[in-house]
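Structural overview
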Amino acid sequence: MQTSAQFSPLFVYCLAGMDVRDATIGLVRAVNRDARHWQLLALSGLFLISVYTTDFGARPMHLLSAFTGAMSAQALASLLVKTRFEWKSAAITSLSLSILMRAVDPWMWFAAGVIGIGLKFAVRYRSKHVFNPACIGIVVMCLVFGRDVWVSPGQWGQAPLIAGWAVALAALVLSSAKRLDIAFGFIGTFAAILFGRALWLGDPMAIPIHQLSSGTLLVFTFFMITDPRSTPDSRAGRLVFAACVASLTAWFIIGPNVRAAPLMALAALSVMTPFLDRFLPANRFQWGKASMSKEGRDHETQTPVGSRHAGARLARP
Amino acid sequence: MKLRHLLGAATLGLASLGLSAPANAFCGFFVAKADTDLFNDASKVALVRDGERTVITMASDYRGEPSEFAMVIPVVDVPEREQINVANPGLIEHLDEYTAPRLVEYHDEDPCNRIQYRETLAMAAPQAGAAMDAMAEEAEELGVTIEAEYEVGEYDILILSAEESDGLITWLNQNGYRIPDGAEEVVGSYLKQGMKFFVAKVNLERHDGAGFLRPIQVAYEDEDFMLPIRLGTVNAEGKQELFIFAMTRKGRVETTNYKTVKLPSNMDVPIFVKDEFGDFYKDMFAHQVEKENGKAVFMEYAWDMSWCDPCAAEPLSRSELQELGVMWLDEGGQDQPQPGFRPGPQPVDVFVTRLHVRYDAKTFPQDLTFQVTGDRDNYQGRYVLRHPWRGDFNKCEEARDYADELVSRWDQEAENLAKLTGWDEAEIKEKMAAGGYSEAAINIDLEPKDKKPWWQRLWGNG
């Protein structure tokens, strides 16, 4: 502090007004103002882990490409439906895309961003978008470009993974306790299937533990299936949905060896959400200041962090 | 016809790796020669994959009594006779040499007078490297069914199905397949998944007495692209060594359930590594495995088979690739060799990935699963020797600067080598000094007293 004080009078001036504790609290409050801030922080952490610890991981260039695509689509679509431009959800989509997707050319991340955000605006049912943008972006790219687009689930080492789970869990707890049910519903069912299968086969438990140690699964569990917009409104509906996605994912892996299994399963089952909302209705999220289009439709997903924090809200890509 | 879940078998593979004999290559030549066995107990598997079509070639460097040899592989379906073949052992050797990590030599030019340099190359490459009725009766009693039996080359091959692992293991042990203790769980797991077992033994009457056994090949179609390694971990004393040479028309192959890591490459190392390249490669690999806690698959080569630079060996010919199972070369008429084509490597639509795995049941609990990616970025394990120019370092200003650079370069080489292999840096430096690669060997005073300050050299007005 002494050193910086000598060279940075401005810094000293800033610190003079508040002590360190206040500064920290202020910072946390600022981040907590929007639940998406926690997600952006956590995803940025995961992105950096992927960049620095893997040979075949995320690259800044890919993030830039995804970011450009997602932001362009978001800006254009906001203009078309005359709603406020929201950069945070598109940024979350870009980070998810660059962490999860691998492709042969940089423009493919751009395309995935455009497809993901474009479908967020285009495919909607009762003012909820059906697909998680990053998920559908990757799935469409995989289906269209075959082997030129892929997902590398095995490319995370043990230590980065443990760090990743901690960061992701913390972000989820901080951003919305409401979404823990679907995350745990999914990972619990998926783990139960893998452990159950190992028990039946007489395999060592190291096998299901190893199968659960996947970076793709981590990002999927905490940042995709927890998307409040592409998942059912009611808790019962969410748990049913989580169990279905987990079962289909497990079958995809054990059976026909479908690549990007959890993403494919989520994309395929996202069409269930409108039906689950119909049969298991519940109140939609308590909106903060939802951005409404002319027709009264909103295009972002926003929900309070906790019921008491009036200003905080959660929005997902 | 589906055949899935092939397994690195109980006695599959004992390969050795050494340095190759001198041979001409199109962009340099090999200089090192050694017969060191680098990796014992290594299996080598070539996998050709296109869509769901797969051809697996399993080579073993088994040197023992042919009667003692046995191979046990879980498969999903009963293959037909035509799906099984024996291959020329030279194929995998060639593939191994072509993809091996390589050592490249450069000779520094006279800093006072630019001259031509010569590039030479060394590489670490593996060297060459009955009574059926009674059998069936016994099998039936133990709940084992012989689904098919084939004679292929020197091998007698049986496809077995079983109700439970105990019966199958008893039958296999009774019939000369020595199944290690502790295999029940793994065999049981495969059986519960509905798999059959492909077992092969050498028929001594058909064996020509050659010192080696030919690789067994199986062609099959399945959506799963994987290699069963679990049975291999049961009997293993210590870690198992596995080389996978994956060939696709699309691009690089990676493991989907384990981290794939590039072996560190393109680094300058001290000259003495030339004489111990085998040890260098072995220790480097061990050190890198340790750094990843034993839990990574190492990519040692990923290249378009049409060329190489520098070449550790010529790319495989079309006929060799076809023998290995590359099934798309004749399809669509695109890859036909053109008449009058220049001699040398012909362009072929094959991308090869060499993966090196050191595993045991603890670090690799699950069978390896792979995916083909569209990534065609070339990668090779390449280590560089730079021979210094030896002359009068006081001859010109450039020579004095060169001498200065040389010393820091040698420090860097020592540091690189220590980082790559985990060898002691002080010992490396000692060894370098003994060979004349240290400050003491340069007859110039490197103290800055007679050196001009950098700003004097900056605009040439010093």
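Everything quoted here is computed from the prediction, not taken from an experiment. (Residues numbered from 1 in each chain as written. Chains lettered and ligands numbered in written order. Predicted model: local features only at pLDDT ≥ 70, side-chain atom pairs only at ≥ 80, totals over all residues. Heavy atoms only, no water.)

**Focus on the overall build of chain B**
Scanning chain B for helices and strands turns up 10 helices and 23 strands. A burial count over chain B gives 57% of its 462 residues as buried. As displayed, chain B offers around 19,300 Å² of accessible surface, 45% of which is attributable to carbon and sulfur atoms. (Helix = DSSP H or I, 4+ residues; strand = E, 2+ residues; numbered from the N terminus. Buried < 20%, exposed > 50% of the residue type's maximum accessible area, 1.4 Å probe, protein only. Areas by Shrake-Rupley, 256 points an atom, 1.4 Å probe, with all protein chains shown as cover.)

**Remarks on the confidence of the model for chain B**
This prediction gives chain B a mean pLDDT of 77; 79% of its residues lie at or above 70. Between residues 123-130 of chain B, whose pLDDT stays under 50, and residues either more than four places distant or in other chains, the model counts 44 contacts. (pLDDT = per-residue confidence, 0-100. Contact = heavy atoms within 4.5 Å.)

**Overview of a negative patch on the surface**
Residue and element names in this part refer to chain B. A contiguous patch of negative charge, built from Glu163, Glu164, Asp166, Asp181, Glu184 and Glu185, is present on the exposed surface. Examined against the element boundaries, glutamate 163 turns out to sit in the loop between strand E11 (155-162) and helix H3 (165-174). Of the residues examined, glutamate 163 reaches a relative accessible area of 67% and is grouped as exposed. (Patch = residues over 30% accessible without salt bridge, like charges linked within 9 Å, V, L, I, M, F, W, Y side chains within 5 Å. Salt bridge = Lys/Arg side-chain N within 4 Å of Asp/Glu carboxyl O. Lys, Arg positive; Asp, Glu negative; His and termini not counted. Charge placed at Lys NZ, Arg CZ, Asp CG, Glu CD.)

**Section: helix H13 (residues 235-254) of chain A**
Residue and element names in this part refer to chain A. Over its 20 residues, H13 extends 28 Å from the first C-alpha to the last, a length consistent with the 28 Å expected when each residue adds 1.5 Å. Along H13, the residues classified as buried are Gly237, Arg238, Phe241, Ala242, Val245, Ala246, Thr249, Ala250 and Phe252. Contact partners of the buried residues in H13: helix H10 (180-201), helix H12 (215-223), helix H14 (261-269) and helix H15 (272-279). (Expected span 1.5 Å × (residues − 1).)

**Quick word on helix H5 (residues 60-80) of chain A**
The periodicity of an α-helix, 3.6 residues per turn, causes residues three or four places apart in sequence to face the same way. Compared with an ideal rise of 1.5 Å per residue, which puts 21 residues at 30 Å, H5 of chain A spans 30 Å between its outermost C-alpha atoms and is within 8% of the ideal. Here the buried face of H5 of chain A lies against helix H4 (35-53), helix H6 (87-100) and helix H7 (107-122) of chain A.

**Observations regarding the pairing of strand E12 (residues 196-202) of chain B**
Residue and element names in this part refer to chain B. Along E12, six of the seven residues are buried, which leaves the element largely enclosed by surrounding structure. Bridge count between strand E6 (residues 70-75) and E12: six bridges; the pairing is antiparallel. Counted as the bridge partner of isoleucine 73 is phenylalanine 198 from E12. Where E11 meets E12, six bridges bridge the pair, whose relative direction is antiparallel. Pairing of isoleucine 159 across the sheet is with phenylalanine 198, part of E12. (Pairing = 2+ DSSP bridges.)

**Looking at the interface of chain B and chain A**
Contacts between the two partners involve 30 residues from chain B, matched on the other side by 31 residues from chain A. For the pair chain B and chain A, the summed buried surface comes to about 2,500 Å²; carbon and sulfur atoms form 48% of the total. Counting across the interface, chain B meets chain A through two salt bridges. The partner of arginine 230 of chain B in a salt bridge is aspartate 203 of chain A, with the nearest N and O atoms 3.0 Å apart. On the surface where chain B and chain A come into contact, there are 18 residue pairs in polar contact (both at pLDDT 80 or more). Elements that contribute at least two residues to the side of chain B that touches chain A include exactly helix H4 (184-192), strand E16 (253-255), strand E17 (259-262) and strand E21 (368-372) of chain B. When the residues that make up the side of chain B that touches chain A are grouped by side-chain class, the tally is six nonpolar, 11 polar and 13 charged. (Buried area = accessible area lost by both parts, 1.4 Å probe. Polar contact = N/O pair within 3.5 Å; in protein donor to acceptor, adjacent residues only side chain to side chain. Nonpolar A, V, L, I, M, F, W, Y, C, P; charged D, E, K, R; others polar.)

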